[in-house]
Each structure stands twice: as C-alpha cells, then as structure tokens.
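Okay, here's what each chain looks like letter by letter:
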Amino acid sequence: MLEVAQIREHKDAFVKALQKRNIDATALLDQVIAADETRRASQSQLDQVLADSNKFSKEIGILFKNGEAQKANLLKEKTAGLKEQSKGLQEQLNEASETLKNLLFTIPNIPHDSVPEGNTDEDNEEVFRKGDIPVLHDAAQPHWELAKKYDIIDFELGTKITGAGFPVYKGKGARLQRALISYFLDKNTAAGYTEYQVPHLVNEASGYGTGQLPDKEGQMYHVTEDDLYLIPTAEVPVTNMFRGDMIAASDLPITCTGYTPCFRREAGSYGAHVRGLNRLHQFDKVEIVRIEHPDNSAAALDGMVDHVKTILEELELPYRILRLCGGDLGFTAHLTYDFEVFSTAQDRWLEISSVSNFQTFQANRLKLRIKDKDGKKMLAHTLNGSALALPRVLAGILENCQTPEGIKIPKALVPYCGFEMID
RNA sequence: GGAGAAAUGGCAGAGUGGUCGAAUGCGGCAGUCUUGAAAACUGUUGAGGGUCACACCUCCGGGGGUUCGAAUCCCUCUUUCUCCGCCA
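Since the structure is predicted, the reported quantities are computational estimates derived from the model, not experimental observations.

Chemist: Help me understand the overall build of chain A in this model?
Modeler: Of regular secondary structure, chain A possesses 13 helices and 19 strands. Overall, the C-alpha framework of chain A stretches about 100 × 45 × 45 Å when taken along its three principal axes. Within the span of chain A, comprising 423 residues, buried residues form 49% of the whole. Relative to all contacts within chain A whose residues are 6 or more apart in sequence, the contacts with residues 24 or more apart total 73%. Here chain A has roughly 20400 Å² of accessible surface; of this, 48% comes from carbon and sulfur atoms. Looking at charge distribution, chain A has the averaged site of its 48 positive side-chain charges lying 5 Å from that of its 61 negative ones.

Chemist: Can you walk me through the environment of Ile352 in this structure?
Modeler: The residue Ile352 is located in strand β13 (residues 348-359) in this model. Assessed through its relative accessible area of 1%, Ile352 is described here as buried. A C-alpha to C-alpha distance of 8.2 Å links Ile352 and Pro391, two positions 39 residues apart in sequence. When neighbours within four sequence positions are excluded, Ile352 is seen to be in contact with Leu312, Phe339, Glu340, Val341, Ser386, Leu388, Ala389, Arg392 and Val393.

Chemist: How do you make sense of the confidence of the model for chain A when you look at a structure like this?
Modeler: A low pLDDT score tells you not to read the predicted coordinates there in detail. Mean pLDDT over chain A stands at 90; residues scoring 70 or higher make up 99%. Scored as a whole, the predicted complex attains pTM 0.91, and scored at its interfaces, ipTM 0.83.

The rules behind each value
- Residues numbered from 1 in each chain as written.
- Chains lettered and ligands numbered in written order.
- Predicted model: local features only at pLDDT ≥ 70, side-chain atom pairs only at ≥ 80, totals over all residues.
- Heavy atoms only, no water.
- Helix = DSSP H or I, 4+ residues; strand = E, 2+ residues; numbered from the N terminus.
- Buried < 20%, exposed > 50% of the residue type's maximum accessible area, 1.4 Å probe, protein only.
- Contact = heavy atoms within 4.5 Å.
- Areas by Shrake-Rupley, 256 points an atom, 1.4 Å probe, with all protein chains shown as cover.
- Lys, Arg positive; Asp, Glu negative; His and termini not counted.
- Charge placed at Lys NZ, Arg CZ, Asp CG, Glu CD.
- pLDDT = per-residue confidence, 0-100.

Below, the structure written as structure tokens:
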C-alpha cells in the first residue's frame, strides 16, 4: 500500500512511475487525494464536536460535585445535539476512511528507476548469465519422462489421491527433495539467516499484510469453515510475524529463512508449459526474508541476489538473472530479479527464484516500523526471495545432469542425499 | 467439546463511572558524580490522526451498547490460563 502523504506531495512522480506498469493512474490518484481530503475534513469536524462535548462533560461533572444539579441538567440538554452530530460525523469519517483504503488497495507498488519498460516477460532485461549449457546425449529426455523412467515422481498417483498438480515423490526422488530442503536451509543459515518453522495456514489479516489480499484472492486455497488461507509462499507467515511491530534500528537487519510447502490454485493458468514439475498446486520452497532500514534495502537486495548466485553455482546449474519489466513486476514489488535455470531437455529457461524489494509497500500495510536512536519513526523496508523453489531446481538437475548411466547428483548435494546417481 | 478466570504502556502491575493517557516498579534514554564503568542521584520516556508549530481528537484485546461522561457497567467476538472430557 502506497503512503497517502507521499501521494499528496508527489502525485506527478507517482503517475510517471506507474506508467511503467502500463497504468495511467492520474484519475485514481486524484480520487485518493480527494478521499484523503474528505477524510481529514470529517476528522477535524468530528474532533471539534468531540472537544466541545468533552468540555461540557467535564463541567457537568464539576457541577454535580458541587451539588448544582439544576445547572448540570441544563447543560445535559445542550449535549444531546452534539451527540447526534458526532454520530453523523463518525459515520462520514468511517466511510471516507473505507473509501480511501479500498482505493489504495487497488494501486500496485511503484517500480524502481531501473525497472525496464515493457508488457510481458519478453521485455525482462537479462542482467547476468553464468554456467555452461550442457550438451546432452542423444537419448536425453524431459524430467517427466525421467521421473517415470527412474520411478522417483508419480504424477498419476498424486492425481488419484488429490488431483492434478499434486505429485508424489518416491524413493530417491523423495530423498532428493529432503536433501534440497536441508541443503538450502544450511546455506541460508550459514549466510546469517535465522531458521523458522511457521504455520502453513494464515488468517485474513496476514493475507492483507503482505498484499496477497485482496489482489490475489482467487489464487489462494481458502478454508472457509475457519476463514484461513493455505499459504502460497512462506513470505506470508514469515513477514507477518513482524506485523504491527516497532523495531529498534539497532536490531536491524532482521533476517529469516524457512521451509514450507506452498499452495497455489493457479486458476486460469492451464495450457502451455505446465507439464511435469513446471507448474504445481503444491510445491516446496525455502524462502529468505529480510527487514531492513530504508537506507540499506538496495544493498540488501544485491546481497540476496549474490547469495542465490552462490547456491546455483554450487549446484553447477547454468542460470541467468532477469530484471523484471514493469508489466511483469508483481503487485507489491518495487524491484524484482528472477533467476532462471536453463533446461536443455526442454530447451527453455525455468524460473527458480524471485528476489524482491518491496520498500515500504508491505510495511505500510503491516504497520511495521523502525525507531532509530533519536526516536524517529519510519516504515521499514521488506524484502524476500526464494532460496530456492524446489520443483524446477529438481527439474533442472534431472534434465541437465542426465547421462546414459543415470542422473549424476551435483557434488554439493551428495552428502545430503547419500547417493551419487539416480539409476 | 463443557465449566471457570483473565486480557491495561517495552515488561511487571495498580486502577471498579468524572481533571486517568492511566499510580508504582523494572527496563530504555539524557545528565550529575567517575580516568572509564558500575552503583547512587536527577530528569525524561506509549501509539495514531491533525497543525508551519501549537491547540485539539482517538486508542486500556477487537466490535457494539448504556451514560452528559467508560479502562471501570452491559452485550458479543477473539485470545490466554486453570479444571473436566476427547485425542495425535
């Protein structure tokens, strides 16, 4: 959620920034400013009425104490009108606040200066590339064939017990999943992130806090009986741990990592490129989350990108980094880098990590603030990234590391899974 | 699932209708003393809205009500604790 005070002061800059998302926000921002003015006007009218009635109440109290009941009763009559007024003004104020809030909920974050123009993923800007794309043997196969061949993932079985997009991992496949989770968590904790295990269901307030609600309402599984949502990413519970907090600047940065399954309805995304592990309703992910001082968030984002790089290099996977263009940028993000691994067998890049700086956009919803040494208060900056999402890393390993003899496990993972080959 | 008790500032904890945004203690910050630190002493110390700055308004778990006036009374929801039941 953008900050009203900022919009009020720098409307033109906001309009210009939002153009990168191909949104003309002029009218919308005017509405915001108007709603805010209405809100403040109602507020100050109400304040005035309340101030008067407070004054009368005090006088009545004193009169009763002094035994001047008659005078007091006279005053009482005066307050009746004020009460009516304040009720009306209160309603007006609530309405204005609600209007303002709902408007703000519809406006996405403003993109960073470096975010390229563009509409689709075609317009994302490649900023880095590393690793050799392997030359595979003639009989190389995509991962869904390999999964069947080595009997490590059973998609049909998942369909039987739940539905499409809920695979069953088996034998070395299951072990490799567990190995990847441990490996990622170890890498993250070694880099200073504190490990957490968090709930996999969250309440509505948490959904609003990180911005999944109301924007992505239909993309989350909603347990209506208890009004809880299955998390689409660990970002939601982890970031919401700090909802409403006031953090001493000296305690920053706060860095967290956690493994969770992620649940996504993926409504409307069927069609091309969803075979095998490419798009699932349930998948595993290890996430990193940082809460930073505004002065440090840009450097922190770079640090997170470097961290993810080291993991991919250890896994010996060919990858590239994209700076997302305005049209592809998530609703809450200010600047996002996507990591993609190249799959030779599928002849395409697979997104395996997304690292973002949200600046104050989430913090404003979360009411997550920093207090510095001088007592100055400000909204924190939040950042997060996948380190990493499992299914496509697994797909990348299966497809890139296949040999005629079997899948050769990257060295870094061998101590975690206890075998060198899947054959 | 049933019965009871509770929810107050960073923490602990008073306050049961009228200068209560809230005693007191701890903690935090600043100062005095000290070569420095500790101790002691003095001062200061919740949040949001609003204003150029004041004024002023709101907030004692959330929501609603009674009243001229609510932290205090009533209703409701949530959470925590204790006991009973059930159970991985």
